[in-house]
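An overview of the molecular structure
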Amino acid sequence: AQSVTQLDSHVSVSEGTPVLLRCNYSSSYSPSLFWYVQHPNKGLQLLLKYTSAATLVKGINGFEAEFKKSETSFHLTKPSAHMSDAAEYFCVVREEGYSTLTFGKGTMLLVSP
Amino acid sequence: GAVVSQHPSRVICKSGTSVKIECRSLDFQATTMFWYRQFPKKSLMLMATSNEGSKATYEQGVEKDKFLINHASLTLSTLTVTSAHPEDSSFYICSASPTDRQETQYFGPGTRLLVL
């Protein structure tokens, strides 16, 4: 069975400072991992995905994530936060050969001026 | 490309009535569509997986007679909440997987249902 743990329900940063959103996963087989962002009253948008290629994945809007199998982690980072980054972020896992996605509980990113 | 729409975006209904939510893949064909429910400040929970032309597969704990899913074409799936009650109030999100890229899901913008 697969599962995802997002370690922080809320993360607060100042504009221009680095962002770190933490995610740990559990999967029986080779997983695919995703980060989605959801702005208020908007649909889910895919930020980036890992599918067994390069372990450092670059996504849209300056975000990137590193797959670390030894730590079963897939943390999301960005060097410098922007006000428009304020949103809810979901870490998602899918086991190899399956179409079902399992979502983490989400991390709300708050960006202050 | 790869746009998924949902209609309506929000709906308010009286308790006991039924509500239909549509999910359309606008520029691709989707053999498989998924329906999720999101409670306030909670994660997305998969309700069911629908495959075009066959019966939907419901997740454990989801009442199939309560949440009727029809996937009659490669671009349309519908979710009908029958005899809605206030506890059915929620944000319902669909996603669709292109027939030629079934490992990918594109999400709709969601439908907010409020049952009075």
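Preceding block: the structure.
Here's a quick rundown of the structure. From a predicted model like this one, the values you see are computed outputs, not experimental measurements. (Residues numbered from 1 in each chain as written. Chains lettered and ligands numbered in written order. Predicted model: local features only at pLDDT ≥ 70, side-chain atom pairs only at ≥ 80, totals over all residues. Heavy atoms only, no water.)

**Let's talk about the overall build of chain A**
The number of helices and strands found in chain A is 0 helices and 12 strands. Of the regular secondary structure in chain A, the N- to C-terminal order runs β-β-β-β-β-β-β-β-β-β-β-β. Against the compact-globule benchmark of 13 Å for 113 residues, chain A has a radius of gyration of 13 Å, which places it among compact chains. Counting only C-alpha atoms and orienting by the principal axes, one finds that chain A spans roughly 45 × 25 × 20 Å. Evaluated residue by residue, chain A yields a buried proportion of 42% over its 113 residues. Relative to all contacts within chain A whose residues are 6 or more apart in sequence, the contacts with residues 24 or more apart total 57%. As displayed, chain A offers around 5600 Å² of accessible surface, 52% of which is attributable to carbon and sulfur atoms. Between the mean site of the 9 positive side-chain charges and the mean site of the 9 negative ones, chain A shows a separation of 3 Å. (Helix = DSSP H or I, 4+ residues; strand = E, 2+ residues; numbered from the N terminus. Rg over C-alpha atoms; globule rule 2.2 N^0.38 Å. Buried < 20%, exposed > 50% of the residue type's maximum accessible area, 1.4 Å probe, protein only. Contact = heavy atoms within 4.5 Å. Areas by Shrake-Rupley, 256 points an atom, 1.4 Å probe, with all protein chains shown as cover. Lys, Arg positive; Asp, Glu negative; His and termini not counted. Charge placed at Lys NZ, Arg CZ, Asp CG, Glu CD.)

**Points about the pattern of salt bridges**
All names here are of chain B. Counting across every chain of the model gives 5 salt bridges over all chains. Across the salt bridge formed by Asp88 and Lys66, the nearest N and O atoms sit 2.7 Å from each other. One end of the pair, Asp88, is in the loop between strand E8 (76-81) and strand E9 (90-98); the other, Lys66, is in the loop between strand E6 (57-58) and strand E7 (67-73), and 22 residues separate them in sequence. Residue class for Asp88 comes out buried when judged on its relative accessible area of 5%. Taking relative accessible area as the criterion, Lys66 reaches 12% and is therefore assigned buried. (Salt bridge = Lys/Arg side-chain N within 4 Å of Asp/Glu carboxyl O.)

**Let's talk about the state of the cysteines**
Formally, a disulfide is one covalent bond, and it connects the sulfur atom of one cysteine to the sulfur atom of another. Residue and element names in this part refer to chain A. All chains considered together, the criterion is met by 2 disulfides over all chains. The disulfide that involves Cys23 links it to Cys91, with 2.0 Å between the sulfurs. Measuring handedness by torsion sign, the sulfur bridge of Cys23 and Cys91 sits at about -70° and is left-handed. With Cys23 in strand E4 (residues 23-26) and Cys91 in strand E10 (residues 87-95), this pair connects stretches of sequence that are 68 residues apart. (Disulfide = S-S within 2.5 Å.)

**A few points about the nonpolar core**
The biggest cluster of nonpolar side chains holds 26 residues, and the ones touching the most others in it are A:Trp35, A:Leu48, A:Leu76 and A:Tyr89. Counting residues in each nonpolar core, the second largest holds 23 residues, with B:Val4, B:Trp35, B:Ala84 and B:Ala96 among its members. (Core = buried A, V, L, I, M, F, W, Y, C linked by side-chain atoms within 4.5 Å.)

**Observations concerning the packing of aromatic side chains**
Within this structure, the stated rule accounts for 13 aromatic pairs over all chains. With 6.2 Å between their ring centres and 35° between their planes, A:Tyr36 and A:Phe103 make a pair best called tilted. Here A:Tyr36 is found in strand E5 (residues 31-38), whereas its partner A:Phe103 is found in strand E11 (residues 102-103), with 67 residues between them in sequence. The exposure classification of A:Tyr36 matches that of A:Phe103, with both residues buried. Between B:Tyr36 and B:Phe107, the aromatic rings sit 5.6 Å apart at their centres with planes inclined by 40°, giving tilted as the arrangement. Of this pair, B:Tyr36 sits in strand E4 (residues 30-38) while B:Phe107 sits in strand E10 (residues 106-107), and the two are 71 residues apart along the sequence. Across the pair, exposure class does not vary: B:Tyr36 and B:Phe107 are buried alike. Among the aromatic residues, those joined into a ring-pair cluster are A:Phe34, A:Tyr36, A:Phe90, A:Phe103, B:Tyr36 and B:Phe107. (Phe/Tyr/Trp six-rings, centres within 6.5 Å; stacked < 30°, edge-to-face > 60°.)

**Concerning the interface of chain B and chain A**
With 16 residues of chain B at the contact, the number on the chain A side is 14 residues. Buried area between chain B and chain A, both sides added, is near 1200 Å², and the carbon and sulfur share of it is 52%. For the pair chain B and chain A, the interface holds 0 salt bridges. Counting across the interface, chain B meets chain A through 2 residue pairs in polar contact (both at pLDDT 80 or more). Those elements that place two or more of their residues in the side of chain B that touches chain A are E4, strand E5 (44-51) and E9 of chain B. Tallying contributions element by element places E4(B) first for the side of chain B that touches chain A, with 3 residues. (Buried area = accessible area lost by both parts, 1.4 Å probe. Polar contact = N/O pair within 3.5 Å; in protein donor to acceptor, adjacent residues only side chain to side chain.)

All quantities given are derived from atomic positions and should not be read as evidence of function.
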